[in-house]
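Listed below, chain by chain, are the residues.
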Amino acid sequence: MPILEKLKETPLFSCLSEQELSEVEKITREETFLKNNVIIREADNSTALYVMVSGKAVATGSDEEGKQIIFNVFRKGNYFGESFIDKEPRCATVTAGTKIVVLRISGEKLRNILRANPEMMFGLMKGLLEKLRKATSQVTDIALRDVYKRIALLFKRLVKPYGKKQIIEEKMTNTEIGEMVGASREMVSRITSKLYADGYLSKENGLLIIKKELPD
């Protein structure tokens, strides 16, 4: 299939006219990467934009402990490499998860086309917002797991056995728990509500009861 037809199938370029698509086609070339090939590396200064034609690519980075984190997975119609907009270094490494085919678009030349096509810029912004929402959700999940570990350690430190029951004698509000573990009341509330709902915690006469061993 000609590159022009592949561009037409890409949501990012759906608002462009035939003439505008032809302009993008001139600055585009098709490339193939085998599984585990690196397309872009974190901190690189390259500025090309990549559009997925087939296969799967994975964007990864590392946390403070050096563990690999998956930021995003790209499939047909998705794109990555938006740093061509501000020319900042790449914020993630993108690797081919399978054999993939991509359209590689010159960032410098695309910037010029965007200046003349505000509607196309809105399409790009929509895609960026979708990625931002996904990234925010991932960061929230990681933060919740980290706070949960601190809450679990706090409860294990305070709990005392009374017969068959495991009781925390100290009465604590979610705000106070948050202050003790370095988290917001809202985050503590989300975690403890889930523990109550799943049957790990209960309250009797204002005292916190750990009904069964807290999950990892």
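Residues numbered from 1 in each chain as written. Predicted model: local features only at pLDDT ≥ 70, side-chain atom pairs only at ≥ 80, totals over all residues. Heavy atoms only, no water.

*Asks:* It is not clear to me how the overall build of the chain should be interpreted in this structure. Could you clarify?
*Replies:* Broken down by element type, the chain carries 6 helices and 12 strands. Against the globule reference of 17 Å for 216 residues, the chain gives a C-alpha radius of gyration of 25 Å, more extended than a compact globule. Its C-alpha atoms give the chain principal-axis dimensions of roughly 80 × 35 × 30 Å. Here the analysis covers contacts within the chain between residues at least 6 apart in sequence; of these, 66% occur between residues at least 24 apart. Accessible area of the chain: about 12,900 Å², with a carbon and sulfur share of 51%. Each charge class in the chain can be summarised by its mean position, and for the 36 positive and 30 negative side chains these summaries are 5 Å apart. (Helix = DSSP H or I, 4+ residues; strand = E, 2+ residues; numbered from the N terminus. Rg over C-alpha atoms; globule rule 2.2 N^0.38 Å. Contact = heavy atoms within 4.5 Å. Areas by Shrake-Rupley, 256 points an atom, 1.4 Å probe, with all protein chains shown as cover. Lys, Arg positive; Asp, Glu negative; His and termini not counted. Charge placed at Lys NZ, Arg CZ, Asp CG, Glu CD.)

*Asks:* Looking at this structure, how should I read the sheet that holds strand E12 (residues 207–210)?
*Replies:* Backbone hydrogen bonds are what pair the strands of a sheet, in a parallel or an antiparallel way. Spatially, E9-E10-E12-E11 is the arrangement adopted by the 4 strands of the open sheet, whose pairing is antiparallel. Edge positions in the open sheet fall to strand E9 (160–162) and strand E11 (201–204), since each of these has one partner strand only. Looking at each pair of strands side by side, their axes are set apart by 40° on average, direction ignored. Where strand E10 (residues 165–168) meets E12, 3 bridges bridge the pair, whose relative direction is antiparallel. (Pairing = 2+ DSSP bridges. Axes fitted to C-alpha atoms, helices over the stretch in contact; angles between N-to-C directions.)

*Asks:* Sorry, what's going on with the packing of aromatic side chains here?
*Replies:* Aromatic ring pairs are described here by two measures, namely the spacing of the ring centres and the angle between the planes. Enumeration according to the criterion identifies 2 aromatic pairs in this entry. Between Tyr-50 and Phe-80, the ring centres sit 5.3 Å apart and the planes meet at 15°, which makes this aromatic pair stacked. You can see Tyr-50 sitting in strand E3 (residues 49–54) and its partner Phe-80 sitting in strand E6 (residues 79–80), a full 30 residues away along the chain. The class for Tyr-50 is buried, based on a relative accessible area of 5%. Summarising the aromatic geometry, the rings of Phe-74 and Phe-80 are spaced 4.9 Å apart at their centres and angled 35° between planes, so their arrangement reads as tilted. (Phe/Tyr/Trp six-rings, centres within 6.5 Å; stacked < 30°, edge-to-face > 60°. Buried < 20%, exposed > 50% of the residue type's maximum accessible area, 1.4 Å probe, protein only.)

*Asks:* How do you make sense of the confidence of the model for the chain when you look at a structure like this?
*Replies:* Residues with a pLDDT of 70 or more make up 91% of the chain, whose mean pLDDT is 83. Mean pLDDT per element in the chain: helix H4 (residues 118–158) is the minimum at 74, and strand E1 (residues 28–33) is the maximum at 96. (pLDDT = per-residue confidence, 0-100.)

*Asks:* I keep staring at the pattern of salt bridges and nothing clicks. Help me out?
*Replies:* If the charged atoms of two oppositely charged side chains come close together, the side chains can form a pair. Tallied over the entire structure, the rule returns 10 salt bridges. The salt bridge involving Arg-150 is made with Asp-146; its shortest N-O contact spans 2.6 Å. Placement of both Arg-150 and Asp-146 in helix H4 is noted, with a separation of 4 residues, approximately one turn of the helix. With a relative accessible area of 29%, Arg-150 lands in the partly exposed category. Salt bridges sharing partners connect three or more residues here, namely Glu-5, Lys-8 and Glu-18. (Salt bridge = Lys/Arg side-chain N within 4 Å of Asp/Glu carboxyl O.)

*Asks:* Sorry, what's going on with the nonpolar core here?
*Replies:* Grouped burial of nonpolar side chains is what soluble globular proteins tend to show. Residues Leu-7, Phe-13, Val-24, Leu-49, Ile-105, Leu-110 and Met-120 are the most contacted members of the largest nonpolar core, which totals 21 residues. Elements supplying a minimum of two residues to this core: helix H1 (3–8), helix H2 (18–26), E3, strand E8 (100–105) and helix H3 (107–115). Setting aside chain neighbours within four positions, we find Ile-105 in contact with Leu-7, Phe-13, Val-24, Ile-27, Thr-28, Ala-48, Leu-49, Val-51 and Leu-110. Ranked by size, the runner-up nonpolar core spans 20 residues in total, among them Leu-144, Leu-154, Leu-208 and Leu-214. (Core = buried A, V, L, I, M, F, W, Y, C linked by side-chain atoms within 4.5 Å.)

*Asks:* Can you help me understand the pairing of E10 in this one?
*Replies:* A regular strand carries its side chains on alternate faces of the sheet. In this structure, E9 lies alongside E10, joined through 3 bridges in antiparallel fashion. Bridged to Lys-160 within E10 is Ile-167. Taken together, E9 and the strand that follows it, E10, pair antiparallel across an intervening segment of 2 residues, in which Gly-163 is found at a positive phi of about 65°.

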